[in-house]
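Here is how the chains run, residue by residue.
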Amino acid sequence: MLCPDCKTAAPGGRPCPGCGQTVPERETFAGQGGRYLLVLCGLSLVLAALSLLGREIGFGGMSVQRLFTTRWIWIYVALVSTPLLVGLYFWFALREEEIVVTDQGISRRSRWGDEHLAWANVRGFRHQSLPLRQTRLGRVTWFSRFFPKGGRDPEQILYWPGSTYILEGPPDGDGQPIVMRLEPGTIDDMAWLLALVEERVGPPQED
Ligand SMILES: [Zn+2]
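Caption draft 1: Main features of the sheet that holds strand S2 (residues 98-102). Here 4 strands make up an open sheet; going across it, the order is S1-S2-S3-S4 and the pairing antiparallel. In this open sheet, the two edge strands, each paired with only one partner strand, are strand S1 (26-30) and strand S4 (115-118). Each strand axis lies, on average, 10° off the axis of its neighbour in the sheet, ignoring direction. Here strand S3 (residues 105-109) pairs with S4 via 4 bridges, running antiparallel. Residue Ile106 lies in a different strand from S4, and its bridge partner there is Leu117. Against the sheet, helix H4 (residues 190-201) makes contact with S1, S2 and S3, and its axis sits at roughly 35° relative to S2, the strand it touches most.

Printed below as a string of structure tokens:
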């Protein structure tokens, strides 16, 4: 593990050799569903406010005015509420997401299936830049740029939406290697998570 204050490597549960503080035995990272919901709900509110303002000042003339007549009101409601509904979906999908890191390994709970990898079994750690649509959350990951960044040294770590970190384990029963993908936008404080992974398995290889 790493000391949260001075980033010195030390076994979990023992005093940090740098500052004497006890190093945590486990670090837990939550999903970001609530943040997607907040950002997308905000977008709905902005759309609603802009259209009401547009109506007040007469912007767009008849076309905006027409949105508020009975015939078009449902299209208007659908337009304004779409971001909110997308946010609710991702909040629901990510509500169980959790990653736990210890000196022994890394575990993830999620609706896509639970995963566990012991550090001793990690065969590779790679970094890939993928288009957003190929990431687990797809294009909605783009909205994660509005999240507050995890505080601890984010500038040291290459990370932007679309950038994926891949931990490879030994082959499973079907002969396929176990793969754990860590994607910005899915996990709280990605920078700290990557620092803890690097302390165990070294820096990622660039693909
Ligand atoms: Zn320390």
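There is more to say after this.
Caption draft 2: Quick peek at the sheet that holds strand S7 (residues 177-182). Taken together, the 4 strands give an open sheet; going across it, the order is S7-S6-S5-S8, and neighbouring strands pair in mixed fashion. The two strands at the open ends of the sheet, each matched to only one other strand, are S7 and strand S8 (205-206).

Caption draft 3: Inspection of the pairing of S3 at higher detail. Side chains Ile106 and Arg108 of S3 all project onto a buried face; the interleaved residues Gly105, Ser107 and Arg109 project onto a face where none is buried. As paired elements, S2 and S3 share 4 bridges and run antiparallel to each other. Counterpart to Ile99 in the pairing with S3 is Arg108. Here S2 hands over to S3 after 2 residues, the two strands then running antiparallel side by side.

Caption draft 4: Structural detail: H4. Over its 12 residues, H4 runs 16 Å from end to end, which matches the ideal 16 Å to within 8%, given 1.5 Å per residue. Along H4, the residues classified as buried are Met190, Trp192, Leu193, Leu194, Ala195, Leu196, Val197 and Arg200. In the stretch just after H4, Gly202 is the one whose phi turns positive, near 85°.

Caption draft 5: Local environment of the pairing of strand S5 (residues 124-129). Of the pairings in the sheet, the one linking S5 to strand S6 (residues 163-171) comprises 6 bridges and is antiparallel in character. Residue pairing in the sheet places Ser129 in a bridge with Ser163 of S6. Pairing between S5 and S8: 2 bridges, direction parallel. For His127, the partnering residue across the bridge sits in S8 and is Glu206.

Caption draft 6: Helix H1 (residues 33-57), seen in detail. The first and last C-alpha atoms of H1 sit 36 Å apart over 25 residues, in line with the 36 Å expected at 1.5 Å per residue. Here H1 has its buried residues at Gly33, Arg35, Tyr36, Leu37 and Leu40. Considering only its buried residues, H1 is in contact with helix H3 (73-94). Gly58 lies just past H1 and shows a positive phi near 80°.

Cut-offs used in this document
- Within each chain, residues carry numbers counting from 1 in the order of the written sequence.
- In keeping with the model being predicted, local features are shown solely for residues with a pLDDT of at least 70 and side-chain atom pairs are shown and tallied solely at 80 or more, while totals for entire chains, interfaces and linings include all residues.
- By the convention used here, strands pair only if DSSP detects at least 2 bridges between them.
- Secondary structure elements follow DSSP: runs of H or I no shorter than four residues count as helices, runs of E no shorter than two count as strands, and numbering proceeds from the N terminus.
- A fitted line through C-alpha atoms serves as each axis, taken over the contacting stretch for helices, and the angle formed by two N-to-C directions is quoted from 0 to 180°.
- Residues are treated as contacting if the C-beta atoms built from their backbones sit within 7 Å of each other.
- Put simply, a residue is buried when 20 or more other C-beta atoms lie within 10 Å of its own C-beta and exposed when 12 or fewer do; between those, it is partly exposed, and each C-beta is set from the backbone.
- To estimate the expected span of a helix, subtract one from its residue number and multiply by 1.5 Å.

These values are about where atoms sit, not about what they do.
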